[in-house]
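Here is how the chains run, residue by residue.
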Amino acid sequence: MKNKPFWEKTFAQAREAETFGTPAEELSELVELLPKDAKVLDLGCGEGRNALFLAEKGFDVTAIDISIAGIRKLERLAEEKKFSIKGKIQDMRNFDFQTEFDLIVAHGSLHLIEREHWLSLIRKIQDNTKDGGYNVVVVFTDTLPPPEDLKPFHIGIFWEGELFDFYSDWEIILQRSYILEDEHPGGIRHRHPINKIVTRKIQKN
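Here we summarise the structure given alongside this text. Predicted model only: the values in this text are computed from it and were never measured. (Residues numbered from 1 in each chain as written. Predicted model: local features only at pLDDT ≥ 70, side-chain atom pairs only at ≥ 80, totals over all residues. Heavy atoms only, no water.)

## Focus: the overall build of the protein
Applied cut-off: In this text, helices come from DSSP runs of H or I with a minimum length of four residues, and strands from runs of E with a minimum of two, each type numbered from the N-terminal end. Radius of gyration: C-alpha atoms only; globule rule: 2.2 Å multiplied by the number of residues to the exponent 0.38. Relative accessible area decides the class of each residue, using a 1.4 Å probe on protein chains only: under 20% of the type maximum gives buried, over 50% gives exposed, and in between gives partly exposed. Pairs of residues are marked as contacts when any of their non-hydrogen atoms sit within 4.5 Å. For the purpose of counting charges, residues Lys and Arg are taken to be positive, whereas Asp and Glu are taken to be negative. His and the chain ends are not included. Charge placement uses NZ in Lys and CZ in Arg. For Asp and Glu, CG and CD serve respectively.
Scanning the protein from N- to C-terminus turns up six helices and seven strands. Over its C-alpha trace the protein gives a radius of gyration of 16 Å, about what one expects of a compact globule, namely 17 Å for 205 residues. Out of the 205 residues belonging to the protein, those deemed buried represent 50%. Considering only contacts in the protein between residues 6 or more positions apart, those separated by 24 or more positions represent 71%. In the protein, which carries 28 positive and 35 negative side-chain charges, the distance between the mean positions of the two groups comes to 4 Å.

This is the structure we're talking about:
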């Protein structure tokens, strides 16, 4: 693809993991519920704003992204901060789940892959979450059209509300539908319709 999304430039240039702001606020409360040795997977981690936060808490973090610049920055920041993170340059559509996780995060990433692929990936995410473990998923929906500069990349937009249906048999901790207005480095402004869910996998009897 000739054109690259705006975040590739800031992944390569910005000093800190600041392209998409600070770590997701819902993680601050969730980390108090996780075991101290929790295994965490961040799918589509970008430059690592959430993965770095989780590693700082002492968790065993695996973070993957297709962006070379993103993972390179994640690795540099982790080394500087002396955090242990397993960063991998990989397309999340091809991620090989070889273990179960206490927490799986897909924050603003699933709508960047085709619908048939995220349908399969959500099932794998759920199947590979430990009983009593958590999922944090944030996606863009069809309530508003994608911004012009992002249309080529938002290839798997969710229908409004359908994310919540996938978790109807999980314990719902947080469920939100809202419009996010944000500004990225370089003065890039967007409005995104968001569905966000934080859930806990109900333990089997």
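## Concerning the pairing of strand 1 (residues 39–43)
Two faces, one strand: in a regular strand the side chains alternate between the faces of the sheet. We apply this condition: Paired strands, in this sense, are two strands between which DSSP finds at least two bridges. Here is how to tell: hold the view so the strands point away, follow the path from the first strand over the helix to the second, and if it runs clockwise the crossover is right-handed.
The element strand 1 is largely enclosed, with a buried count of four among its five residues. Here five bridges tie strand 1 to strand 2 (residues 60–65), and the two strands are oriented parallel to one another. Note that in strand 2 the partner of Val40 across the bridge is Val61. Tracing the backbone out of strand 1, into helix 3 (residues 49–56) and back to the parallel element strand 2 gives a crossover that is right-handed. The pairing of strand 1 with strand 4 (residues 101–107) spans three bridges and is classified as parallel. Bridging across to strand 4, Asp42 finds its partner in Val105.

## Quick word on the pattern of salt bridges
Close approach of charged atoms allows side chains with opposite charge to pair. Rules: What counts as a salt bridge is simple: a side-chain nitrogen of Lys or Arg found within 4 Å of a carboxyl oxygen of Asp or Glu.
Within the structure shown, the criterion is met by eleven salt bridges. Of the charged contacts in the structure, one is a salt bridge between Lys130 and Asp102, with a shortest N-O distance of 3.4 Å. One end of the pair, Lys130, is in strand 5 (residues 129–140); the other, Asp102, is in strand 4, and 28 residues separate them in sequence. Among the charged side chains, a salt-bridge network with shared partners connects Lys39, Asp60 and Lys86.

Keep in mind these numbers describe shape, not what the thing actually does.
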